[in-house]
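# Observations on the three-dimensional arrangement
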Amino acid sequence: MSEKPRRPVPKATPETQHFWDGCNQGKIILQRCKDTGKAYFPPRPFSPYTGSRNVETFEASGKGVLWSYIISHRDHPNFDMPAPYAIAVVKLDEGVQMMTNIVDCDQTPDALQLDMPVQVTFKRLTDDINLPLFKPAS
Amino acid sequence: MKPGSVAVVGAAETTELGKLPHMSNIQLHADAALNAMADCGLKPEDIDGIATARENPIEIAHYLGIKPRYVDGTSVGGCSFMIHVRHAVAAIESGMADTILITHGESGRSQVGMTPRGVNMAMLDGQFQLPYGTTNPPSMFTIPVLRYLKTYNVPIEKVANVSVVQREWAAFHERATFRDPLTVDDVMNARMIAWPFSILMCCLVTDGGGALILTSAERAKDFPTKPVYVLGAGEAGEHTMVSQMSDFTSSQAFRIAGENVWKSSGLKHSDVDHLMIYDAFAHLPIYGLEDLGFCGRGEGGDFIWEGNTRPGGKLPLNTNGGGLSYMHSGMYGMYALQESIRQMRGTSPAQVQGAKTSLCHGVGGMFSASGSIMFSNEAP
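Residues numbered from 1 in each chain as written. Chains lettered and ligands numbered in written order. Predicted model: local features only at pLDDT ≥ 70, side-chain atom pairs only at ≥ 80, totals over all residues. Heavy atoms only, no water.

## So, the pattern of salt bridges
For the structure shown, the criterion picks out 18 salt bridges over all chains. The closest approach of N and O atoms between R7(A) and D80(A), which form a salt bridge, is 3.0 Å. Taken together, the positions of R7(A) in the segment before α1 (17–24) and D80(A) in the loop between β4 (63–72) and β5 (85–92) put the pair 73 residues apart, joining distant regions of the chain. For the pair R7(A) and D80(A), one class covers both residues: buried. Between E235(B) and R86(B) there is a salt bridge whose closest N-O contact spans 3.2 Å. (Salt bridge = Lys/Arg side-chain N within 4 Å of Asp/Glu carboxyl O. Helix = DSSP H or I, 4+ residues; strand = E, 2+ residues; numbered from the N terminus. Buried < 20%, exposed > 50% of the residue type's maximum accessible area, 1.4 Å probe, protein only.)

Have a look at this one:
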């Protein structure tokens, strides 16, 4: 990559590597507790519902809804979206919440309506990190 | 814990609050601690337990010349000091220490000698929040609010009004940073920080400190100050990333800390004469009123709008003006505790006449943690 990433760049750990590997292939890989059938996030090799290590990974739909957000009016020293930009939390169809930005969309209260359907898209930051973002579902 | 077994005998803030570039972070701890010791006639040699947050409590103890046999470094944000009070009660009841000093000092505005906050992009926050442009608390603590407003069909003006009412209380306090009256329009039209939050819905950033000294209720009778008894306490935590808060309309940490403070004190809502709810942002008193059970879901904003918490109202709330108007150094919980103690001693510039009980409820991080203390100026 010749272009310098203009965001803080995540660094994977052994327990989250599968998630970032999935992002590199354009997929959201979540984990599921096999005892309860419930998905969870962020990644860890055990179930936060039961404490059991009986878990599996699966490819999520990449679809969800805009759950809540703010529009930050402060400039960020290392960020590719100029202020004002929205910092959002989406609720995926699988039930988990993720922080994200909503792209391909005006960063205004009118354009950003709670519960509007969103779908995942990705922004490549480095050879290793392909950051999941969300956009209004088409 | 046994209600009333332990009392606060010493309490003080730093000599000055505000912008204090002439004092370092550790000296703010010491200034508050020396003031609290002077308040109740103790010397460092009389203290055998130390608690503080963010700083190493040993560093504070050594700086003050204290030889602790009890150390509490619980550091979960601005409610850590409420949690220190709860732990101190258990420690004194069990004989682990006799006289415990809790200190807070923070050069939040001037940043003189502050412990650095590290960022590690391999931590969960580094992987799953920081890449999305979060910076300081206004960019995170406010995120759940739109979901709350939509769920209960509450207009944002009800949140803005929290700042207006608290400014009425701040007017009583010469030490408050902001004392001039505000209107809802003033708050709504102020500079936008994190829509829908204007700067007047966000806390101050100042320098200061505070300290408390606790001992057994039995020993408290021999002190020159009026004892303020701990009747009950709760603490809790949920998450450290606001994106993972399980319910954006209600804090699990608030609810659990609240359940414990009610259960341990044996008091009911109608017994509470005075209330403090840590207000880093204007929505927190609304969540607090609902999660502590003073109001139904979605009704906290109306409760404040109707005047129940303002001067002369039936439930005086944040009578120092809160983090929105009085001061906020970063970990505000100590200043909420100080106002509860003043109210119980009958010495607040905004004194609630005849108040016998005060509930002091704190938040840590971005709805991450909570600590809650029930005080009384009467032994149970």
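Back to the text.
## Focus on the interface of chain B and chain A
Residue-level contacts link 34 residues of chain B with 37 residues of chain A. Each partner contributes to the roughly 3000 Å² buried at the junction of chain B and chain A, and carbon and sulfur atoms together form 61% of this total. Put simply, chain B and chain A have two salt bridges between them. Counting across the interface, chain B meets chain A through 18 residue pairs in polar contact (both at pLDDT 80 or more). Those elements giving two or more residues to the side of chain B that touches chain A turn out to be α4 (124–128), α5 (145–152) and β5 (192–195) of chain B. Two strands pair when backbone bridges link them, and β4(A) and β5(B) are joined in this way by two bridges, in the antiparallel orientation. Looking at β5(B), one finds that S72(A) is bridged to A194(B). (Contact = heavy atoms within 4.5 Å. Buried area = accessible area lost by both parts, 1.4 Å probe. Polar contact = N/O pair within 3.5 Å; in protein donor to acceptor, adjacent residues only side chain to side chain. Pairing = 2+ DSSP bridges.)

## Notes on empty space enclosed by the protein
All told, the structure shown has one cavity of 30 Å³ or more when counted by the stated rule. Reported here for the largest cavity is a volume of approximately 40 Å³. Every residue lining the largest cavity is listed: F19(A), W20(A), F41(A), M98(A), M99(A), P132(A), Q127(B), F128(B) and Y132(B). Listed by contribution, the elements that provide at least two residues to the lining of the largest cavity are α1 and β6 (97–100) of chain A together with α4 of chain B. The class makeup of the residues in the lining of the largest cavity is eight nonpolar, one polar and no charged. (1 Å grid on protein atoms, 1.4 Å probe; cavity = no way out; pocket = protein on both sides within 12 Å on 5 of 7 lines; lining within 4 Å. Points joined across faces, edges and corners; volume = space filled by probe spheres on them. Nonpolar A, V, L, I, M, F, W, Y, C, P; charged D, E, K, R; others polar.)

## Remarks on the nonpolar core
In this structure, I102(A), L212(B), L214(B), L289(B) and F375(B) are the most contacted members of the largest nonpolar core, which totals 162 residues. No other element matches the eight residues that helix α3 (residues 80–93) of chain B contributes to this core. Contact partners of I102(A), with chain neighbours within four places excluded, come to L66(A), M81(A), A88(A), V90(A), Q107(A), L112(A), M116(A), V118(A), F134(A), K135(A) and P136(A). (Core = buried A, V, L, I, M, F, W, Y, C linked by side-chain atoms within 4.5 Å.)

## Digging into the side chain of R147(B)
Secondary-structure assignment places R147(B) in helix α5. Among the residues examined, R147(B) registers a relative accessible area of 7% and is labelled buried. Aside from chain neighbours lying at most four places away, what touches R147(B) is L66(A), W67(A), S68(A), L114(A), D115(A), F248(B) and T249(B).

## Considering the layout of surface pockets
Taken as a whole, the second largest pocket encloses approximately 520 Å³ of empty space. Forming the walls of the second largest pocket are 22 residues, and the residues nearest its centre are F41(A), P42(A), R44(A), Q244(B) and S246(B). Among the residues forming the lining of the second largest pocket, the class breakdown is ten nonpolar, eight polar and four charged.

## Let's talk about the sheet that holds strand β2 (residues 39–40) of chain A
All names here are of chain A. If you trace the three strands from one edge of the open sheet to the other, you get β2-β1-β3, paired in antiparallel fashion. Sheet topology places β2 and β3 (55–59) at the edges, where each strand pairs with a single neighbour. Inspection of the sheet shows strand β1 (residues 29–33) paired to β2 by two bridges, in the antiparallel sense. In the strand pairing of β2, Q31 is matched with Y40.

## A closer look at the packing of aromatic side chains
All names here are of chain B. What the rule picks out here adds up to 19 aromatic pairs over all chains. On the numbers, 5.1 Å between centres and 75° between planes, the contact of Y278 with Y332 is edge-to-face. With a gap of 54 residues between them, Y278 in the loop between β9 (274–277) and α10 (284–291) and Y332 in the loop between α12 (322–325) and α13 (333–345) connect regions that are remote in the sequence. A residue is classified by how much of its surface remains accessible, and Y278, at 4% relative accessible area, is buried. (Phe/Tyr/Trp six-rings, centres within 6.5 Å; stacked < 30°, edge-to-face > 60°.)

## Remarks on the pairing of strand β4 (residues 100–107) of chain B
Residues and elements named next belong to chain B. Counting buried residues along β4, eight of its eight residues qualify, which places the element largely inside the surrounding structure. Residues I100, I102, H104 and E106 point to one face of β4 and L101, T103, G105 and S107 to the other, with burial holding for every one of them. Relative to β4, strand β2 (residues 49–52) runs parallel, the two being bridged by four bridges. When the bridges of β4 are listed, A51 appears paired with I102. The pairing of β4 with strand β7 (residues 207–216) spans eight bridges and is classified as antiparallel. Across the sheet, residue T103 finds its bridge partner in β7, namely A211.

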